[in-house]
Protein chains: 2
Amino acid sequence: MSLNRQEVVRAAVEVLDQYGLEDLTMRRLAGLLGVKAGALYWHVENKQTLLALVSDEILASPTGNTPDRDVADRNQGLAEGIRAWAGSFRTALLRHRDGAELVSSTLPVRLGSVDPGEPVRELLGRCGLSGQQRYCSRALVHFVLGHVTEEQTRSQLHELGVVGEFDARGEEEDFDRGLELLVTGVCALVR
Amino acid sequence: MSLNRQEVVRAAVEVLDQYGLEDLTMRRLAGLLGVKAGALYWHVENKQTLLALVSDEILASPTGNTPDRDVADRNQGLAEGIRAWAGSFRTALLRHRDGAELVSSTLPVRLGSVDPGEPVRELLGRCGLSGQQRYCSRALVHFVLGHVTEEQTRSQLHELGVVGEFDARGEEEDFDRGLELLVTGVCALVR
DNA sequence: ACCTGAACACCGTTCAAGT
DNA sequence: ACCTGAACACCGTTCAAGT
C-alpha cells in the first residue's frame, strides 16, 4: 500500500493540529506516515507547496457559518454579507492550530488555489462596488488574518503559562467591533 | 575590542537588509562580526529576543512623517492623526527588508518594548474614544502590518522574477484607500 | 512506481575550556 | 569578561540504489 498526495496532506494537517506549525517538519510528518523523509518528495515538490496544500484544505472546509443566500442584495445585505464571510473565515482558521499564521505565510506566495478574499469581492461586485473590490477585500482579509493570528498566538502563550490572561470572549468582541469599523467604511462607499 | 548588545543588534539589522529575515541566522551574523556563533549568546539570551530588539530598532527610527502636533484635536484631527500615524508606521516598516514580517512575528510574543499601537491609542483617548482604544488600535495595526507584509513579499517575488507585475504606486493607493475604510469607521464612533 | 540509505549543507543552543 | 571549539539534536533537499 503506497502513499498519495491526499494522504500526505491529511497527515500534515494532523501534525499541524498536534504539534503546531513550528514542529510541522518533513521528518516528523514522514515518521507519522511510517516512511523516510526523502519519500515525501515523490508526492510533493517541496515543503512550501505542501504548506500551500494544507492551507487550501483549511480554507476549503465548510464552517456552518454560511450566510443566508438572499440576504446579501442591498445595503443591509452588504453589511450582513461581510459579517457572515468574516465569521466563517475566522472559524475556519480557528479550527486548526496556527491556522491563521499558516494561511498568512502561504497567501502572498500564491501557491495555493483557494483565495479567501474571493467571496467578498463577489459580494462587493453584486453591491455595485466593482471598482472597490481589490482594496476592500485586501483590507478585510488582512484584518481577519492579523486578528486571528494574534488570538492564536496569545492563546498558545497562555497555555504555556508565559502570559497573564486570555479572554476568548473579549477576543471575539474585539474582532466583531474591529470588523464593524470596516463594515461602516465599506457601506459608506455605497451611494 | 569586545562586542556589546548594541553592536550585535545593529549588525543584525545589516544582515536583515542584505539577506532578508530567512537568512538572518546566528551563524551568519556571527560571521559578519568576526566571531563564532556561540559568542552571540553572551550578549543576547536567544534568537527570539534578538529579533525583538531588531524589531524595536525598526519601530523606534524616526520617519519624517510625524503629524502636525496641533492638528489632532477634533474630528478632522482624528482622521488626520490616524493617517499620519499609519503613514509613518508603514514608512518605518518599508525602510528594512522584511520589516513588516519581522515586526508581525515579534509583536504578539511581547518581548519588544515598542508598541506601534500606542500613539494611536493616545490619539483616540484625546478624542473621547477611551472605551474604544483597544479594538480600534488592534484593527489599525493589523491592517498596516498585513498590507505592508503583502507589499514586501510581492515586491521580493517580483525581484526574483517569480510573479508578474509589481506596481508600487498601486500598492500605496490600495493602502490609502483601505486605511480610509478604517478612518471612516473610527470617525463614525465620535458623537 | 515508490521508497530507502546516506549524504550535503545547513540550523539554534550549550558549555567546558581558554585568555 | 568575553570568546573558541566542539558537540548535540535537529533541519530541507537530493539522489543513487533498491524492490
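Residues numbered from 1 in each chain as written. Chains lettered and ligands numbered in written order. Predicted model: local features only at pLDDT ≥ 70, side-chain atom pairs only at ≥ 80, totals over all residues. Heavy atoms only, no water.

- In the annotation of an unreviewed UniProt entry, chain A is listed under the name Tetracycline repressor protein class E and assigned to Acidipropionibacterium virtanenii.

A word on the overall build of chain A
Part 1 of the argument: Helix and strand content of chain A: 8 helices and 0 strands.
Part 2 of the argument: If you list the helices and strands of chain A from N to C, you get α-α-α-α-α-α-α-α.
Part 3 of the argument: Taken along its principal axes, the extent of the C-alpha atoms in chain A is 60 × 40 × 25 Å.
Part 4 of the argument: Looking at chain A as a whole, 48% of its 191 residues are labelled buried.
Part 5 of the argument: For chain A, the proportion of contacts with a sequence separation of at least 24, taken over those separated by at least 6, is 72%.
Part 6 of the argument: Each charge class in chain A was averaged separately, 21 positive and 28 negative side chains, and the resulting centres sit 5 Å apart. (Helix = DSSP H or I, 4+ residues; strand = E, 2+ residues; numbered from the N terminus. Buried < 20%, exposed > 50% of the residue type's maximum accessible area, 1.4 Å probe, protein only. Contact = heavy atoms within 4.5 Å. Lys, Arg positive; Asp, Glu negative; His and termini not counted. Charge placed at Lys NZ, Arg CZ, Asp CG, Glu CD.)

A few points about helix H3 (residues 47-60) of chain A
Residue and element names in this part refer to chain A.
Part 1 of the argument: The terminal C-alpha atoms of H3, which comprises 14 residues, lie 20 Å apart, in line with the 20 Å expected from a rise of 1.5 Å per residue.
Part 2 of the argument: Among all positions in H3, only Thr49, Leu50, Leu51, Ala52, Val54, Ser55, Asp56, Ile58 and Leu59 are buried.
Part 3 of the argument: Regarding H3, its N-cap is asparagine 46, as a side-chain oxygen of that residue lies 3.3 Å from the backbone nitrogen of glutamine 48 further along. (Expected span 1.5 Å × (residues − 1). Polar contact = N/O pair within 3.5 Å; in protein donor to acceptor, adjacent residues only side chain to side chain.)

Some words on the domain arrangement of chain A
All names here are of chain A.
Part 1 of the argument: When cut into domains, chain A gives domain 1 (5-44) and domain 2 (64-190).
Part 2 of the argument: The interface of domain 1 with domain 2 comprises 7 residues on the first partner and 6 residues on the second.
Part 3 of the argument: Together, the buried faces of domain 1 and domain 2 total about 560 Å²; carbon and sulfur atoms form 58% of this surface.
Part 4 of the argument: It is Leu16, Asp17 and Leu21 that lose the most area in domain 1 upon contact with domain 2, and together they represent 75% of the buried surface on that side. (Domains from an automatic or database assignment. Buried area = accessible area lost by both parts, 1.4 Å probe.)

Overview of the protein's contact with DNA strand D
Part 1 of the argument: Taken together, 15 residues lie around DNA strand D, and Arg27, Tyr41 and Lys47 of chain A together with Lys36 and His43 of chain B are the ones closest in.
Part 2 of the argument: Backbone polar atom of leucine 3 of chain B to a phosphate oxygen of DNA strand D: 3.2 Å apart, as the coordinates give it.
Part 3 of the argument: At 3.2 Å from a phosphate oxygen of DNA strand D is found a side-chain nitrogen or oxygen belonging to tryptophan 42 of chain B.
Part 4 of the argument: Counted by class, the surface near DNA strand D contains 6 nonpolar, 6 polar and 3 charged residues. (Near = heavy atom within 4 Å. Nonpolar A, V, L, I, M, F, W, Y, C, P; charged D, E, K, R; others polar.)

Thoughts on the protein's contact with DNA strand C
Part 1 of the argument: Inspection of the region around DNA strand C gives 15 residues, with Lys36 and His43 of chain A together with Arg27, Tyr41 and Lys47 of chain B positioned closest.
Part 2 of the argument: In DNA strand C, atoms within 4 Å of the protein come from the sugar-phosphate backbone in 62% of cases.
Part 3 of the argument: Between a phosphate oxygen of DNA strand C and a main-chain N or O atom of methionine 26 of chain B, the distance comes to 3.0 Å.
Part 4 of the argument: Within the surface near DNA strand C, the residues separate by chemical class into 6 nonpolar, 6 polar and 3 charged.

Some thoughts on the UniProt feature "domain: HTH tetR-type" (unreviewed entry) in chain A
Part 1 of the argument: Following the UniProt record, one finds the feature "domain: HTH tetR-type" (unreviewed entry) at residues 2-62 of chain A.
Part 2 of the argument: Within residues 2-62 of chain A, the helical portion is 59% and the strand portion 0%, while the C-alpha atoms at the span's ends are 29 Å from each other. (UniProt positions renumbered as here; feature names shortened; annotations may be inferred.)

Concerning the interface of chain A and chain B
Many structure descriptions define interface size as the accessible area lost when the parts assemble.
Part 1 of the argument: At the interface, 28 residues of chain A touch 28 residues of chain B.
Part 2 of the argument: Summed over both sides, the interface of chain A with chain B buries roughly 2600 Å², with 64% coming from carbon and sulfur.
Part 3 of the argument: Three residues stand out in chain A for area buried against chain B, namely Tyr135, Arg138 and Leu181 of chain A, and they jointly supply 26% of the buried area on that side.
Part 4 of the argument: At the junction of chain A and chain B, the tally comes to 8 salt bridges.
Part 5 of the argument: Ionic pairing is found between arginine 138 of chain A and aspartate 174 of chain B, a salt bridge with its closest N-O pair at 2.9 Å.
Part 6 of the argument: Taken together, the links from chain A to chain B amount to 10 residue pairs in polar contact (both at pLDDT 80 or more).
Part 7 of the argument: The set of elements that each furnish at least two residues to the side of chain A that touches chain B consists of helix H7 (133-159) and helix H8 (168-187) of chain A.
Part 8 of the argument: Per-element accounting of the side of chain A that touches chain B gives the leading share, 13 residues, to H7 of chain A.
Part 9 of the argument: A class-by-class count of the residues in the side of chain A that touches chain B yields 12 nonpolar, 8 polar and 8 charged. (Salt bridge = Lys/Arg side-chain N within 4 Å of Asp/Glu carboxyl O.)

Some words on the pattern of salt bridges
Part 1 of the argument: Enumeration according to the criterion identifies 28 salt bridges over all chains in this entry.
Part 2 of the argument: Here arginine 126 of chain A ties to glutamate 122 of chain A by a salt bridge, and the two come within 3.4 Å at their closest N and O atoms. One end of the pair, arginine 126 of chain A, and the other, glutamate 122 of chain A, are both in helix H6 (residues 118-126), 4 residues apart, so they sit about a helical turn from each other.
Part 3 of the argument: Arginine 134 of chain B is the salt-bridge partner of aspartate 174 of chain A, the closest N and O atoms lying 2.8 Å from each other. On the criterion of chain membership, the pair formed by aspartate 174 of chain A in helix H8 and arginine 134 of chain B in helix H7 (residues 133-159) is interchain, its members lying in two chains.
Part 4 of the argument: By relative accessible area, aspartate 174 of chain A is classed as buried at 2%.
Part 5 of the argument: The network of salt bridges with shared partners includes Arg134 and Arg138 of chain A together with Glu150, Arg154, Glu171 and Asp174 of chain B.

A few points about the packing of H8 of chain A against helix H8 (residues 168-187) of chain B
Part 1 of the argument: It is at 7 Å that the axes of H8 of chain A and H8 of chain B come closest, and there the two elements cross at 105 degrees. For the element pair H8 of chain A / H8 of chain B, the angle class is roughly perpendicular. Between H8 of chain A and H8 of chain B, the residues in contact are Leu181, Leu182, Thr184, Gly185 and Val186 of chain A and Leu181, Leu182, Thr184, Gly185 and Val186 of chain B, respectively.
Part 2 of the argument: A per-class count over the contact of H8 of chain A with H8 of chain B returns 6 nonpolar, 4 polar and no charged. (Axes fitted to C-alpha atoms, helices over the stretch in contact; angles between N-to-C directions. Parallel < 35°, antiparallel > 145°, perpendicular 65-115°, else oblique.)

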